[in-house]
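# Secondary and tertiary structure notes
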Amino acid sequence: MKLYAYCLVEDLDAFDPTTRGISGAAVRSLQIDDLAVLVSDFNADTVAVTKENALDHAAVVRSVLDRTAPLPFRFGTLVTGQQLRSYISARKPALQTRFEHVRGCVEMSVKIIREISTDNETPRDDITSGTSFLEEKRLALLGSEQKAAEATEISTWLHEQVNGLIRDEQATVRSSEKLVLAAAHLVERDKIPQYKERLAAARKNRPELHFLFSGPWPPYSFANIELEFKTQFGVS
Amino acid sequence: MELSPENPLMAEPQIETAHAEEFVEQLRCVTDTLPSRINIDAQSVEQGLAKLVLTLIEFIRRLLEKQAVRRMEGGDLSPEQIEELGLALMKLEAKLQELKTQFGLTDDDLNLDLGPIGRLI
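Described below are features of the structure shown in this document. Counting starts from 1 at the beginning of each chain's written sequence and moves along it residue by residue. The order in which chains are written sets their letters, starting at A; the order in which ligands are written sets their numbers, starting at 1. Whole-chain, interface and lining totals are the exception, using all residues; otherwise, since this is a predicted model, local features are given only for residues with pLDDT of at least 70 and side-chain atom pairs are given and counted only at 80 or more. Each side-chain value is derived from all of the structure's non-hydrogen atoms; neither hydrogens nor water enter the calculation.

### Description of the overall build of chain A
Each helix is a run of H or I in the DSSP string that is no shorter than four residues. Each strand is a run of E no shorter than two, and both are numbered from the N terminus. The helix and strand tally for chain A stands at five helices and nine strands. Throughout, the radius of gyration refers to the C-alpha atoms, and the reference size of a globule is 2.2 Å times the residue count to the power 0.38. Against the compact-globule benchmark of 18 Å for 236 residues, chain A has a radius of gyration of 22 Å, which places it well outside the compact range. For the C-alpha atoms alone, the extent of chain A along its principal axes is close to 65 × 45 × 35 Å. Taken across its 236 residues, chain A has 47% of its residues classed as buried. Two residues qualify as a contact provided that any one of their heavy atoms is within 4.5 Å of a heavy atom in the partner residue. Counting contacts in chain A only where the partners sit at least 6 residues apart, residues at least 24 apart contribute 78% of the total. Accessible surface for chain A amounts to roughly 11,300 Å². Of this, 49% is attributable to carbon and sulfur atoms. Within chain A, one finds 29 positive and 33 negative side-chain charges whose respective centroids are separated by 3 Å. Summary of the burial criterion: residues with accessible area below 20% of their type's maximum are buried, those above 50% are exposed, and those between are partly exposed, where the area comes from a 1.4 Å probe applied to protein chains only. To be clear on the numbers: accessible area is Shrake-Rupley with a 1.4 Å probe, and residue cover counts the displayed protein chains and nothing else. A residue counts as positive if it is Lys or Arg and as negative if it is Asp or Glu; His and the chain ends are not included. Charge placement uses NZ in Lys and CZ in Arg. For Asp and Glu, CG and CD serve respectively.

Right, here's the structure in full:
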C-alpha cells in the first residue's frame with residue numbers, strides 16, 4: 001500500500017486525528033527524525049485530478065497553517081514509507097534550510113490583468129509580397145517588445161510596492177497575455193496588515209490595472225520539494 | 001505575533017477583486033494550458049506528437065522571423081533578398097497553418113509550459 005503525502009511539517013505537537021484527506025481517508029502524522037509528514041493510506045496507483053481531491057489536499061495542508069508553516073508536497077504525490085524516510089534522511093540539510101526560509105510566514109498572492117491592444121495581431125489578407133510580409137512582422141515584433149517592456153515595468157513596480165515587507169517573491173510574467181503577472185509573496189505573519197495596506201494604496205495609483213489579491217495560503221510557491229523528490233526517486 | 005487558531009490572520013484565505021469574472025476567464029485560459037495526462041490510444045498519441053513537433057517548428061519559425069526582421073532593420077539585406085526571405089517565411093507560415101488545420105490544432109495549442117521559466121512561445 002502506498003502513502004499519499006500532503007506536506008512536511010516541523011514543530012507539530014499534536015495533530016487532529018479526525019482530519020480527513022483524499023477520498024475521506026484518515027490523515028496521520030508520520031514522524032521521521034524531528035520532522036513529520038502528513039499522510040494517508042492510498043490503495044490505487046494514481047490520484048484522480050478532480051476538484052474534490054484538490055480541495056481535500058489543500059484542506060489537509062491548511063489544517064496546520066495556524067500552528068506552523070508546512071512544506072506542501074505537490075498534489076498527487078504517492079510514495080512508500082521507505083521512500084519518505086530515505087528522502088528526508090538524504091535531504092535533511094536542504095529541508096531544514098527550506099523550513100528556515102518559510103518559518104513564521106504565509107504565502108500571499110497578487111494577480112494583475114492589463115488591457116492589451118491586439119491591433120497588430122490580426123493577420124492582414126492583402127499581403128502578397130515577401131517585403132510586406134516582413135514589414136508586417138516587424139510591426140508585430142515592435143508591439144510584442146513594447147508589451148514585454150510594460151510587463152517588466154509592472155513586475156518591478158509591484159516589487160517596489162511591497163519591498164521590505166516580503167521575505168521572498170516568485171513572479172511569473174506573461175508579457176503577451178492579459179493576465180500579465182502572477183506573483184506569490186512570502187510574508188511574515190505579523191507583517192500581513194502592513195502588506196495589505198501597502199497593496200491597497202498601490203492599487204489606487206494604477207487604475208488601468210485590475211488586481212486580484214488572495215491569501216493567506218500555505219507557502220506552496222516556496223516549498224519546491226516535489227521537484228527535488230522527483231529528482232531523487234522519480235516519483236510521479 | 002502569537003500563533004493560535006484564534007489569530008484572525010489565519011482565518012480562511014480571502015480573495016479580493018473588483019473584476020472576478022475577468023480573472024475567472026483568464027485563469028481558466030491558464031489552466032487549459034497545463035499538461036494533462038496522455039491517453040495511449042492511436043489517435044491521441046498521433047495528435048500529441050503532432051502538437052509537440054509543430055510547437056517546436058513554430059518556435060523555430062518565429063526565431064527565423066525575428067532574425068530576418070533584425071537583418072532587414074540592420075540594412076544587411078538587399079531589397080531582392082528581403083523579398084526572397086519574406087516569401088520563404090510566408091510560405092512556411094502558410095504550410096504550418098495547413099498542418100495545424102490537418103491535426104485539428106489552433107494557435108493556442110502550440111505551446112509548452114516550461115514551469116518557472118514560463119511558456120516556450
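### Here's the deal with the interface of chain B and chain A
Taken together, the contacts link 37 residues of chain B with 41 residues of chain A. The term buried area means the drop in 1.4 Å probe accessible area that two parts suffer when joined, counted for both and summed. Of the roughly 3,600 Å² buried where chain B meets chain A, counting both sides, 63% is carbon and sulfur surface. The term salt bridge refers to a side-chain nitrogen of Lys or Arg lying within 4 Å of a carboxyl oxygen of Asp or Glu. Taken together, the connections running from chain B to chain A amount to six salt bridges. In this structure, Lys137 of chain A engages Glu93 of chain B in a salt bridge whose closest nitrogen and oxygen atoms are separated by 2.7 Å. N or O atoms closer than or at 3.5 Å make up a polar contact, with two conditions inside protein: a donor-capable atom paired with an acceptor-capable one, and, for residues adjacent in sequence, both atoms drawn from side chains. Counting across the interface, chain B meets chain A through ten residue pairs in polar contact (both at pLDDT 80 or more). Elements represented by at least two residues in the side of chain B that touches chain A include exactly strand E1 (14–17), helix H1 (20–32), helix H2 (42–73) and helix H3 (79–102) of chain B.

### Some details on the state of the cysteines
Residues and elements named next belong to chain A. The criterion for a disulfide is a pair of cysteine sulfur atoms lying within 2.5 Å. Scanning the entire structure with this criterion turns up zero disulfides over all chains. Not engaged in a disulfide, the cysteine Cys7 finds its nearest cysteine sulfur in Cys105; these two sulfurs lie 16 Å apart. Given the relative accessible area of 0%, Cys7 is considered buried.

### Some remarks on the nonpolar core
All names here are of chain A. Throughout this description, the term nonpolar core refers to a set of buried Ala, Val, Leu, Ile, Met, Phe, Trp, Tyr and Cys residues connected via side-chain atoms within 4.5 Å. Ranked by internal contacts, the top residues of the largest apolar core, which has 23 residues, are Leu8, Val37, Val39, Leu71, Leu84, Ile88 and Leu95. Of all the elements in the fold, those that place two or more residues in this core are strand E1 (2–9), strand E2 (28–32), strand E3 (35–42), helix H2 (81–102) and strand E8 (179–188). Examining the composition of this core, we find that six residues originate from one element, H2, more than from any other. Residue ranges for the domains trace back to a domain assignment, done automatically or taken from a database. Inspection of this core shows a minimum of three residues originating in each of domain 1 (2–104) and domain 2 (105–219). Counting 22 residues, the second largest nonpolar core, distinct from the first, contains Ile154, Val180, Ala183 and Leu209.

### Description of the pairing of strand E6 (residues 105–114) of chain A
E6 of chain A sits mainly inside the fold: ten of its ten residues count as buried. Burial along E6 of chain A is two-sided: the face carrying Cys105, Glu107, Ser109, Lys111 and Ile113 of chain A and the face carrying Val106, Met108, Val110, Ile112 and Arg114 of chain A are both buried.

### Here's the deal with the environment of Gln47 of chain B
Residues and elements named next belong to chain B. Counting through the fold element by element, Gln47 comes out in helix H2. Along the chain, Gln47 and Leu105 lie 58 residues apart, while their C-alpha atoms are 8.5 Å from each other. Those residues in contact with Gln47 that sit more than four places away from it in its chain are Phe103, Gly104 and Leu105.

### Describing the environment of Pro219 of chain A
All names here are of chain A. Note on placement: Pro219 falls in the loop between strand E9 (209–217) and helix H5 (225–233). Take Pro219: its relative accessible area is 0%, and that puts it in the buried class. Pro219 sits 148 residues away from Leu71 along the chain, and the two C-alpha atoms are 6.8 Å apart. Excluding anything up to four places from it in sequence, Pro219 contacts Pro70, Pro72, Val102, Glu107 and Leu186.

### Structural notes on the packing of helix H3 (residues 130–162) of chain A against H3 of chain B
Axis definition: a line fitted to C-alpha atoms, limited for helices to the stretch in contact. Angles are taken between N-to-C directions and run from 0 to 180 degrees. Closest axis-to-axis distance for the H3 of chain A/H3 of chain B pair is 6 Å, and the angle between their directions is 75 degrees. It follows from the interaxial angle that H3 of chain A and H3 of chain B lie roughly perpendicular. Contacts between H3 of chain A and H3 of chain B pair Gly130, Thr131, Phe133, Leu134 and Lys137 of chain A from the former with Pro79, Ile82, Glu83, Gly86, Leu87, Leu89, Met90 and Glu93 of chain B from the latter. Only Asp, Glu, Lys and Arg are considered charged, only Ala, Val, Leu, Ile, Met, Phe, Trp, Tyr, Cys and Pro nonpolar, and every remaining residue, Gly among them, polar. A breakdown of the residues in the contact of H3 of chain A with H3 of chain B according to their chemical character gives seven nonpolar, three polar and three charged. An angle below 35 degrees is treated as roughly parallel, one above 145 as roughly antiparallel, one from 65 to 115 as roughly perpendicular, and anything else as oblique.

### Points about the packing of aromatic side chains
All names here are of chain A. We call Phe, Tyr and Trp rings a pair once their centres come within 6.5 Å, taking the six-membered ring for Trp, and we label the pair stacked below 30 degrees between planes, edge-to-face above 60, and tilted otherwise. Applying the stated criterion across every chain, the model contains five aromatic pairs over all chains. Measuring from ring centre to ring centre gives 4.7 Å for Tyr4 and Tyr6, while their planes differ by 55 degrees; the resulting arrangement is tilted. Both residues of the pair, Tyr4 and Tyr6, count as buried. With centroids separated by 6.4 Å and ring planes inclined at 65 degrees, the aromatic side chains of Tyr4 and Phe75 adopt a geometry described as edge-to-face. Here Phe75 lies in the loop between strand E4 (71–72) and strand E5 (78–79) and Tyr4 lies in strand E1, a separation of 71 residues in the sequence. Phe75 sits in the partly exposed class, given a relative accessible area of 26%. Within the aromatic cluster, the residues linked to one another by ring pairs are Tyr4, Tyr6, Phe42 and Phe75.

### Digging into the side chain of Thr19 of chain A
Residue and element names in this part refer to chain A. With respect to the helices and strands, Thr19 occurs in the loop between E1 and E2. Look at Thr19 and you get buried, because its relative accessible area is 13%. Look past the residues within four positions of Thr19 in its chain and what remains in contact with it is Ala25, Ala26, Val27, Val60 and Ser63.

### Quick word on the pattern of salt bridges
Tallying each qualifying case throughout the model produces 25 salt bridges over all chains. Between Lys92 of chain A and Asp33 of chain A there is a salt bridge, and its shortest N-O distance comes to 3.7 Å. Here Lys92 of chain A, found in helix H2, pairs with Asp33 of chain A, found in the loop between E2 and E3; they are 59 residues apart in sequence, far enough to count as distant. The class of Lys92 of chain A is buried, set by a relative accessible area of 19%. Here Glu188 of chain A makes a salt bridge to Lys191 of chain A, at a shortest N to O gap of 4.0 Å. By relative accessible area, Glu188 of chain A is classed as partly exposed at 25%. A relative accessible area of 24% means that Lys191 of chain A is categorised as partly exposed. The network of salt bridges with shared partners includes Lys137 of chain A together with Glu58, Arg61, Arg62, Glu65 and Glu93 of chain B.

On their own, these measurements won't tell you what the molecule is for.
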